[in-house]
Amino acid sequence: MRLNQLPIEIQNGKISIEVDVQEENGAICVVYSGGKAKVTLLPGHGETKVITHQGKVKRVKFDEGEET
């Protein structure tokens, strides 16, 4: 699975998320839904789609490609 759980803190209606970006090489995407936060590394070439249903994240689709 490409999505990794992140620890979060909710205080006074604000969400605090810590992401160690030194480990990541490139763009990242943080998804928050249903009281959980997850992070994933975005592909160098391709699309990443966040699919929602009734206000909740249902899945994240990755469509990667490579130029020839």
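A brief structural summary. Keep in mind that this is a model prediction, so the values were computed, not measured.

## A word on the overall build of the protein
Scanning the protein from N- to C-terminus turns up zero helices and seven strands. In the protein, the order of α-helices and β-strands from amino to carboxyl end is β-β-β-β-β-β-β. Compactness check: the protein gives a C-alpha radius of gyration of 14 Å against a globular reference of 11 Å for 68 residues, more than 25% above the reference. Its C-alpha atoms give the protein principal-axis dimensions of about 50 × 35 × 20 Å. Within the protein, the proportion of its 68 residues that are buried is 12%. Once local pairs closer than 6 in sequence are excluded, the contacts in the protein between residues at least 24 apart make up 26%. Carbon and sulfur atoms make up 44% of the accessible area of the protein, which totals about 5,800 Å². Placing the 9 positive and 10 negative side-chain charges of the protein at their respective mean positions leaves the two points 15 Å apart.

## Examining the pairing of strand β2 (residues 8–11)
In the case of a regular strand, side chains alternate between the two sheet surfaces. Bridge analysis of β2 against strand β3 (residues 14–17) gives four bridges, and the strand direction is antiparallel. Looking at the pairing, E9 lines up with S16 of β3. Two successive antiparallel strands, β2 and β3, enclose a turn made up of two residues, where N12 displays a positive phi of approximately 55°.

## Digging into the packing of aromatic side chains
Following the criterion strictly, the structure yields zero aromatic pairs and no others. The aromatic ring of F62 is capped on one face by R2, whose charged end is 4.3 Å from the ring centroid.

What counts as what
Residues numbered from 1 in each chain as written. Predicted model: local features only at pLDDT ≥ 70, side-chain atom pairs only at ≥ 80, totals over all residues. Heavy atoms only, no water. Helix = DSSP H or I, 4+ residues; strand = E, 2+ residues; numbered from the N terminus. Rg over C-alpha atoms; globule rule 2.2 N^0.38 Å. Buried < 20%, exposed > 50% of the residue type's maximum accessible area, 1.4 Å probe, protein only. Contact = heavy atoms within 4.5 Å. Areas by Shrake-Rupley, 256 points an atom, 1.4 Å probe, with all protein chains shown as cover. Lys, Arg positive; Asp, Glu negative; His and termini not counted. Charge placed at Lys NZ, Arg CZ, Asp CG, Glu CD. Pairing = 2+ DSSP bridges. Phe/Tyr/Trp six-rings, centres within 6.5 Å; stacked < 30°, edge-to-face > 60°. Lys NZ or Arg CZ within 6 Å of the ring centre and 35° of its normal.

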